[in-house]
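Geometric and topological summary
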Amino acid sequence: MNTINNALKNIGSSTTNPTESTVSIQKMLDNLKNDTSLGISADKKTAMLKAAERLLNDKYEPAFVAGVLGNIQNEGTPGIFESSAYKTESKKPEYLKYMDNHFDYRNEFSGKSIQEVGIAAAIDLQNKAKESRNMRKKSSVSFVKMRAAGKRFILQR
């Protein structure tokens, strides 16, 4: 993650000028784009650049963005849903068991690409998982970590 932190280092001092801020963000993105030490695929780098651009433009701190990018770097293939086909059911994470049991995740999404299932289906899954999470919280039932909730799709490991 130090490599990512270095790539995102802001050139110059902090500024509130929108033009200077845009230039600074572009310099950080260029640093990340040109970094060859990350050892990742072009697709993963593209996903990291898109995430960095959005988060930096939304005024998230570079250190936070570096943490998110480190997570993307160490996760699976961008655009591929995590497989829930475990050989041993007891080793399957609870969030995947929940997704399989409540959203037919294993048949509809597991191991497939977003292109295969479609953006609409992926967003629908995301919304249903988020709604389910909110209902479980409201009813004080213990919440199973569902990585499909929020603004993130489940990615293959």
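Small disclaimer: the values here were computed from a predicted structure and weren't measured.

Rules and cut-offs
- The residue count restarts for each chain, going from 1 along the sequence in the order it is written.
- Where totals are concerned, whole chains, interfaces and linings use all residues; where local detail is concerned, this predicted model gives features only for residues with pLDDT of at least 70, and gives and counts side-chain atom pairs only at 80 or more.
- Calculation of side-chain values draws on the structure's entire complement of heavy atoms; hydrogens and water are dropped beforehand.
- Between the rings of Phe, Tyr and Trp (Trp by its six-membered ring), a pair exists once the centres lie within 6.5 Å; its type follows the angle of the planes, with under 30 degrees stacked, over 60 edge-to-face, and the other angles tilted.
- Numbering of helices and strands starts at the N terminus; helices are DSSP runs of H or I of at least 4 residues and strands are runs of E of at least 2.
- Whenever a nitrogen or oxygen atom comes within 3.5 Å of another N or O atom, the pair is scored as a polar contact, on the condition that within protein one atom can donate a hydrogen and the other can accept it, and that pairs from neighbouring residues in sequence are kept only if both atoms are in side chains.
- Grouping buried Ala, Val, Leu, Ile, Met, Phe, Trp, Tyr and Cys residues that are joined through side-chain atoms within 4.5 Å yields what is termed a nonpolar core.
- Burial here depends on accessible area, computed with a 1.4 Å probe over protein chains only, as a share of the maximum for the residue type. Under 20% is buried, over 50% is exposed, and the range in between is partly exposed.
- Here a salt bridge means any side-chain nitrogen of Lys or Arg lying within 4 Å of a carboxyl oxygen belonging to Asp or Glu.
- Contact between two residues is taken to exist if any of their heavy atoms lie within 4.5 Å; hydrogens are not considered.
- Per-residue confidence from the predictor is reported as pLDDT, a score between 0 and 100.

Before going further, it helps to spend a moment on the packing of aromatic side chains. Enumeration over the complete set of coordinates arrives at 5 aromatic pairs. With a centroid separation of 5.1 Å and an interplanar angle of 25°, the aromatic rings of Tyr-60 and Phe-64 are classed as stacked. Joined through ring pairs, the aromatic side chains of Phe-81, Tyr-105 and Phe-109 make up one cluster.

Time to look at the side chain of Lys-92. Along the chain, the position of Lys-92 falls in the loop between α4 (62-74) and α5 (94-103). For Lys-92, the side chain forms a polar contact with the main-chain oxygen of Ser-84, separated by 3.0 Å.

Here the focus is the nonpolar core. Counting 14 residues, the largest nonpolar core has Leu-29, Leu-32, Ala-52, Leu-56, Val-65 and Leu-69 as the members making the most contacts within it. At the level of secondary structure, the elements contributing two or more residues to this core comprise α2 (18-34), α3 (42-57) and α4. Looking at which element gives the most residues to this core, the answer is α3, with 6 residues.

It is worth spelling out the pattern of salt bridges at this point. Scanning the entire structure with this criterion turns up 5 salt bridges. Among the salt bridges present, the one from Lys-92 reaches Glu-89, with a minimum N-O distance of 3.6 Å. For Lys-92, a relative accessible area of 4% corresponds to the buried category. Of the residues examined, Glu-89 reaches a relative accessible area of 43% and is grouped as partly exposed. Put simply, Glu-89, Lys-92 and Asp-100 are held in one network by salt bridges that share partners.

What follows is about the environment of Ala-52. Tracing the backbone shows Ala-52 in helix α3. Remark: the alpha-carbon pair of Ala-52 and Ile-25, spanning 27 residues in sequence, is separated by 9.1 Å. Look past the residues within four positions of Ala-52 in its chain and what remains in contact with it is Leu-29, Leu-32, Val-65 and Leu-69.

Moving on, we come to the confidence of the model for the protein. On average, residues of the protein carry a pLDDT of 75, and 71% of them reach 70 or more. Between the elements of the protein, mean pLDDT differs from a low of 65, seen in helix α1 (residues 2-7), to a high of 94, seen in helix α6 (residues 105-108). Low confidence marks residues 11-15, where pLDDT is under 50. Its contacts with residues over four positions away, or in another chain, come to 5 contacts. Of the regions scoring below 50 in pLDDT, residues 138-157 engages in 60 contacts with residues more than four places distant in sequence or in other chains.

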